[in-house]
Amino acid sequence: MSWFIDYQKAFDSIDHTDMFDALRKSGINENYICILEDIYTDAIAKIHIDDVSKKVRIERGVRQGDTLSPKIFTAALEEVLKKSNLERKGISIDGEILTDLRFADDVALTTTSVKDMEDQLNSLCKESIHVGLQMHKGKTQFMTNFETKETITIANHQIKKVHNYKYLGQTLRMDTNTAEEILIRVKAGWRCFGMHKELLTDKNIPLSLRRRVYDQCVLITMTYGAETWSTTKEMEQKLVTAQRAMERKMLHLSLRERVRHTEIRKVTQVKDILQKIKETKWRWAGHLSRTDDNRWTKRLTEWQPRTGKRRRGRQKRRWRDDITTFMSTTAWASAARNRRRWKMLEEGFTQQWVKQPDEYPGNSFAAQNGQAFTTHDADHDDYGNNCAVEFKGGWWYGSCHKANLNGLYLNGPYSSYADGIAYVSWKGLQYSLAVTEMKVRPAAP
């Protein structure tokens, strides 16, 4: 079960004395602490409305807008959590206890029972009051992944149990269903589109500029947190439908005009939303696999719980399923540690969700433009090894390829790595084409 804590005016309430004590216990150089004490000591404020008020002494809180303020607050909150003795009441992750997750003043506690959670919370509430922090009883809530009628009370106030909670801008649920979060993202995308509607639908503004606004504002809003999603075809279709409707509005087209979405995409050339989602997921998976600092993010991704079992019948989609299917192995994390190879696989992974018309397979030749032809005995590529040897062909390799039309004839999907007759922008790196035909003409004089 998880508990989400909301502090009332946290950055404005922390006591200065406790704040500096926490910095000293964290091992911060005393000279720096003295400088901060000089800044905060005898600080005053004046309030301007109709007239200037008397001087008001500031004895609590960190300075607004100061880049050091979040770090100072984090050090003080760290000390509060240490004094709360949470170490023994969390979730065991491969032998180590996970008690809490924190981002500035957004705190989430984890435990296995309601009784432990109540003990945790009362202890934390007591220590928080000592440094001037007050929990907001109405906004502090909890979720469980099991049925229970037990209640939690703090300072004679019963805490509300919820089925979902918005944490760091993303809606969390215990059942891992992201459908609700995707609907929220679609609504947020439409709000963003409405805010920029005059620009996005103005025919007098070049479409290239409108495309940039859409990709950098609307698309980013719709795909916030998408690297953590596990999607189904139904969810993906909702996102695609929303994007196509926005493209029609940009071109002032209605459904009655019966213009195919592939023709509209050729004009707008906005980035496909599913491609964007899978691209961020692929990059996040690679980044996560290459981290070596034992952070919880990586450990929880790789964690296999020793208790419980998956239900009978068709299983729910897990976050890693897309990657495991594409890589044809559960050991994808080891492959992701090779940054160059992982980057080469990215386009093949994302192109699975990009629906190109049959007559337009995309351009996978651009990356090979200007390259010399490489064979087994003549290595002219930019790769560390010989691409012709590694990918079983002769081609205008760079480092290495997005098209390999002289590769092995494997006739359809295959499990080896990019050594078939591959054309990334159409079928990806794990599909060998049955027939290809390439026509060459002389360059213009």
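Structure first, text after, so check above.
Residues numbered from 1 in each chain as written. Predicted model: local features only at pLDDT ≥ 70, side-chain atom pairs only at ≥ 80, totals over all residues. Heavy atoms only, no water.

J.: Sorry, what's going on with the overall build of the protein chain here?
T.: Along the backbone of the protein chain there are 17 helices and 17 strands. A principal-axis box enclosing the C-alpha atoms of the protein chain has dimensions of 80 × 60 × 50 Å. When each of the 445 residues of the protein chain is scored for burial, the buried share is 42%. Taking all contacts inside the protein chain whose residues are at least 6 apart in sequence as the whole, residues at least 24 apart take part in 58%. With an accessible surface of roughly 26100 Å², the protein chain has 50% of that area assigned to carbon and sulfur atoms. Looking at charge distribution, the protein chain has the averaged site of its 72 positive side-chain charges lying 6 Å from that of its 57 negative ones. (Helix = DSSP H or I, 4+ residues; strand = E, 2+ residues; numbered from the N terminus. Buried < 20%, exposed > 50% of the residue type's maximum accessible area, 1.4 Å probe, protein only. Contact = heavy atoms within 4.5 Å. Areas by Shrake-Rupley, 256 points an atom, 1.4 Å probe, with all protein chains shown as cover. Lys, Arg positive; Asp, Glu negative; His and termini not counted. Charge placed at Lys NZ, Arg CZ, Asp CG, Glu CD.)

J.: I keep staring at the packing of helix α2 (residues 16-25) against helix α3 (residues 30-40) and nothing clicks. Help me out?
T.: Any two packed helices are characterised by how steeply their axes cross, that is the angle between the axes, and by the distance between the axes. Direction vectors running N to C along α2 and α3 enclose 165 degrees, while the axes themselves pass 10 Å from each other. Considering the angle they form, α2 stands roughly antiparallel to α3. The two elements α2 and α3 cross, and the hand of that crossing is right-handed. In this structure, α2 contributes His 16, Met 19, Phe 20, Leu 23 and Arg 24 to the contact, and α3 contributes Glu 30, Ile 33, Leu 36, Glu 37 and Tyr 40. A per-class count over the contact of α2 with α3 returns six nonpolar, one polar and three charged. (Axes fitted to C-alpha atoms, helices over the stretch in contact; angles between N-to-C directions. Parallel < 35°, antiparallel > 145°, perpendicular 65-115°, else oblique. Left-handed = near helix turned anticlockwise from the far one by under 90°. Nonpolar A, V, L, I, M, F, W, Y, C, P; charged D, E, K, R; others polar.)

J.: Could you clarify how one ought to interpret a nonpolar patch on the surface in this entry?
T.: Where nonpolar side chains cluster on the molecular surface, the patch consists of Phe 365, Phe 373, Trp 396, Met 438 and Val 440 and spans about 460 Å² of accessible area. Mapped onto the elements of the fold, Met 438 is located in the segment after β17 (431-432). The partly exposed category is assigned to Met 438, whose relative accessible area is 40%. (Patch = residues over 30% accessible without salt bridge, like charges linked within 9 Å, V, L, I, M, F, W, Y side chains within 5 Å. Salt bridge = Lys/Arg side-chain N within 4 Å of Asp/Glu carboxyl O.)

J.: Got a minute to help me understand α3 in this structure?
T.: The α-helix advances 3.6 residues per turn, and as a result positions three or four apart in sequence lie on the same side. Considered for burial, the residues of α3 that qualify are Ile 33, Leu 36 and Tyr 40. Down the axis of α3, the buried side of the element spans an arc of 60 degrees, and every buried residue falls inside it. Opposite the packed face of α3, turned more than 90 degrees from it, sit the exposed residues Asn 31 and Asp 38. The N-terminus of α3 is capped by Asn 29, whose side-chain oxygen sits 2.8 Å from the backbone nitrogen of Asn 31. (Arc of directions from axis to C-beta. Polar contact = N/O pair within 3.5 Å; in protein donor to acceptor, adjacent residues only side chain to side chain.)

J.: Just to check I follow, could you spell out the side chain of Glu 79 for this structure?
T.: Checked against the element boundaries, Glu 79 lands in helix α4 (residues 69-83). Glu 79 gets classed as buried once you look at its relative accessible area, which sits at 14%. With residues up to four places along the chain from it excluded, the contact list for Glu 79 reads Ala 22 and Lys 25.

J.: How should I be thinking about the sheet that holds strand β11 (residues 160-161) in this particular structure?
T.: Strands in a sheet are paired, the pairing made by backbone hydrogen bonds, and the direction either parallel or antiparallel. Overall, mixed pairing links the five strands, which are arranged β6-β7-β1-β8-β11 in an open sheet. Each edge of the open sheet carries a strand with a single partner, namely β6 (100-103) and β11. Two strands pair when backbone bridges link them, and strand β1 (residues 2-5) and strand β7 (residues 106-110) are joined in this way by four bridges, in the antiparallel orientation. Across the sheet, Ser 2 pairs through a bridge with Thr 110, a residue of β7. (Pairing = 2+ DSSP bridges.)

J.: What is the right way to read the pairing of strand β12 (residues 164-167) from this model?
T.: Successive side chains on a regular strand alternate, one facing one side of the sheet and the next facing the other. Residues Tyr 165 and Tyr 167 of β12 are buried on one face, while the alternating residues Asn 164 and Lys 166, pointing to the opposite face, are not. In terms of strand pairing, β12 meets strand β13 (residues 170-173) through four bridges, oriented antiparallel. Bridge pairing in β13 links Tyr 167 to Gln 170. Hairpin connection, β12 to β13: the antiparallel pair is bridged by two residues, and Leu 168 has positive phi, about 55 degrees.

J.: Explain the nonpolar core here, please?
T.: Proteins that are soluble and globular tend to have nonpolar side chains buried together. Within the largest apolar cluster, 55 residues are counted, with the highest numbers of intra-cluster contacts made by Tyr 214, Ile 323 and Met 327. One finds Val 62, Leu 86, Val 114 and Val 131 within the second-largest nonpolar core, a separate group that totals 36 residues. (Core = buried A, V, L, I, M, F, W, Y, C linked by side-chain atoms within 4.5 Å.)

J.: Honestly, the environment of Gly 90 in this entry has me stumped. Any pointers?
T.: With respect to the element layout, Gly 90 can be found in the loop between α4 and β4 (91-93). For Gly 90, a relative accessible area of 12% translates into the label buried. Each C-alpha atom, one on Gly 90 and one on Asp 116, is 8.3 Å from the other, the two residues being 26 residues apart in sequence. The residues contacting Gly 90, other than those within four sequence positions of it, are Ile 97, Leu 98, Thr 99, Thr 110, Thr 111, Thr 112 and Gln 120.

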